[in-house]
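Topology and contacts: notes
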Amino acid sequence: MGITAGHMKLAFDELDRSMKELGKDVNAEQLGEIVKQHAFTGALSGAGAALPGAGAIIATGAAATSILAMYVRIAKALGVTFEDGALKALASGVVADLSATVITNVALAAAVSFIPGFGQIGASVLSMIGNFTLVYVAAYIFIKMLSNLLKADREISNLSGEELKNYAASITSETNMKDIVKEAKKQYKENK
């Protein structure tokens, strides 16, 4: 079963209402499963943080790649198309917007990774939770953005990467990200 609780469920429900206005249905279970698969792929990349120093940075980069793949799968599941390179620009923009959320975790994981044994294990655990959270929050932003664009009757396929990044940034600024991060960590614990 995918992730369909809390704020994420509300975002799926809102997207479903927006898609129904276009005569399409949203399979929230399918979308929740896509989010779960990519969030755990991101989490698994956190194991690379055991490499002293740069491991946490490399692991976060792998999570960013998982975000792009997730966006592609969600768009395909919804039958939504994007301009070439737009999703890549969006994914990088979302990761940049979330950098304040992620940077502390990456820095802490990098620092403790220099402690042999327990420090390396701790760095991996921190990165796994952090990367899961990063992908989960990125999914939430994407789902909310799609819903808002559909409600505004915007032609999504014609939006540039820059326009998509601006829409995502507005969602980030109008959302209590602490609540979404807290929910993501809870989902990690419940689904691991």
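For the structure itself, consult the block above.
Residues numbered from 1 in each chain as written. Predicted model: local features only at pLDDT ≥ 70, side-chain atom pairs only at ≥ 80, totals over all residues. Heavy atoms only, no water.

1. A short note on the overall build of the chain
Threshold: Elements are defined by DSSP. Helices are runs of H or I of four residues or more, strands are runs of E of two residues or more, and each kind is numbered from the N terminus. We compute the radius of gyration from the C-alpha atoms alone; for a globule the expected value is 2.2 Å times N to the 0.38, where N is the number of residues. Here's how the labels work: a residue is buried when its accessible area is under 20% of the maximum for its type, exposed when over 50%, partly exposed in between, all with a 1.4 Å probe on protein chains only. Under this rule, positive means Lys or Arg and negative means Asp or Glu; His and the chain ends count for nothing. Throughout, a charge is located at the NZ atom of Lys, the CZ atom of Arg, the CG atom of Asp or the CD atom of Glu.
The secondary structure content of the chain amounts to eight helices and zero strands. Reading the helices (α) and strands (β) of the chain from amino to carboxyl end gives α-α-α-α-α-α-α-α. A compact globule built from 192 residues should have a C-alpha radius of gyration of about 16 Å, and the chain, at 16 Å, falls within 12% of that. Seen through its principal axes, the chain has C-alpha atoms that stretch 55 × 30 × 25 Å. Each of the 192 residues in the chain was classed as buried or not, and the buried ones make up 48%. Computed over 18 positive and 18 negative side-chain charges, the separation of the two mean positions in the chain equals 8 Å.

2. Focus: the packing of helix α4 (residues 86-97) against helix α6 (residues 118-151)
The test is simple: Angles run from 0 to 180 degrees between N-to-C directions of axes, and those axes are lines fitted to C-alpha atoms, restricted for helices to the stretch in contact. Any angle that falls under 35 degrees is termed roughly parallel, while one over 145 is termed roughly antiparallel, one within 65 to 115 roughly perpendicular, and all others oblique. In this scheme, a crossing is called left-handed if the near helix is turned counterclockwise away from the far one by less than a right angle; it is called right-handed if the turn is clockwise. Only heavy atoms matter for contacts: two residues are in contact if any of them lie within 4.5 Å across the pair. Lys, Arg, Asp and Glu make up the charged group, whereas Ala, Val, Leu, Ile, Met, Phe, Trp, Tyr, Cys and Pro make up the nonpolar group; the residues left over, Gly among them, are polar.
Packing of α4 against α6 leaves a shortest axis separation of 10 Å and a crossing angle of 125°. Looking at the two axes, α4 sits oblique to α6. Of the two elements, α4 crosses α6, and the hand of that crossing is right-handed. Contacts between α4 and α6 involve Leu87, Leu90 and Val94 on the former and, on the latter, Ala138, Ile141, Phe142 and Met145. Tallied by class, the residues present in the contact of α4 with α6 amount to seven nonpolar, no polar and no charged.

3. Focus: helix α8 (residues 177-191)
Stated formally: By this rule the span expected of a helix is its residue count minus one, scaled by 1.5 Å. Think of the arc as the fan of directions from the helix axis to the C-beta atoms. Polar contacts here mean pairs of N or O atoms no more than 3.5 Å apart (in protein, one a potential hydrogen donor and the other a potential acceptor; neighbouring residues in sequence count only if both atoms are side-chain atoms).
With 15 residues, α8 extends 21 Å between its outermost C-alpha atoms, agreeing within 8% with the 21 Å of an ideal straight helix rising 1.5 Å per residue. Within α8, burial applies to Met177, Ile180, Val181, Glu183, Ala184, Gln187 and Tyr188. Here the buried residues of α8 occupy an arc of 160° about the axis, which is enough to place them on one side. Turned more than 90 degrees off the buried face of α8, the exposed positions are Lys178, Lys182, Lys186, Lys189 and Glu190. Structurally, the start of α8 carries an N-cap: the backbone nitrogen of Lys178 is 3.1 Å from a side-chain oxygen of Asn176.

4. Some words on the packing of aromatic side chains
Test applied: Centre distance within 6.5 Å is the pairing criterion for rings of Phe, Tyr and Trp, where only the six-membered ring of Trp is used; planes under 30 degrees apart are then read as stacked, over 60 as edge-to-face, and the remainder as tilted.
All chains considered together, the criterion is met by six aromatic pairs. Clustering of aromatic rings is evident, with ring pairs tying together Phe40, Phe132, Tyr136 and Tyr188.

5. As for a nonpolar patch on the surface
Which entries qualify depends on this criterion: Patch membership is restricted to residues that have no salt bridge and whose relative accessible area is over 30%. Joining uses 9 Å for like charges and 5 Å for the nonpolar side chains Val, Leu, Ile, Met, Phe, Trp and Tyr. Per-residue and other accessible areas follow the Shrake-Rupley method at a 1.4 Å probe size, with only the shown protein chains counted as cover for residues. The rule for a salt bridge is simple: a side-chain nitrogen of Lys or Arg has to be within 4 Å of a carboxyl oxygen of Asp or Glu.
Taken together, Phe118, Ile121 and Val125 make up a surface patch of nonpolar side chains, about 360 Å² in accessible area. Looking at the secondary structure, you find Phe118 in helix α6.

6. Quick word on the side chain of Asn131
Along the chain, Asn131 turns up in helix α6. What makes Asn131 buried here is its relative accessible area of 2%.

7. Digging into the pattern of salt bridges
In this structure the tally under the stated criterion is six salt bridges. With a closest N to O distance of 3.5 Å, Lys165 and Glu162 form a salt bridge. Placement of the pair is Lys165 and Glu162 together in helix α7 (residues 161-174), with a separation of three residues, close to one helical turn. Among the residues examined, Glu162 registers a relative accessible area of 48% and is labelled partly exposed. Residues joined in a network through salt bridges with shared partners are Glu14, Lys144 and Lys151.

8. Quick look at the nonpolar core
Operational definition: By nonpolar core we mean a set of buried residues, namely Ala, Val, Leu, Ile, Met, Phe, Trp, Tyr and Cys, connected to one another through side-chain atoms within 4.5 Å.
Of all hydrophobic cores here, the largest spans 53 residues; its most connected members are Tyr71, Ile74 and Phe82. Broken down by element, this core gets its largest block of residues, 16 residues, from α6. Contact partners of Phe82, with chain neighbours within four places excluded, come to Ala75, Leu87, Phe142, Leu146, Ile156, Ser157 and Leu164.

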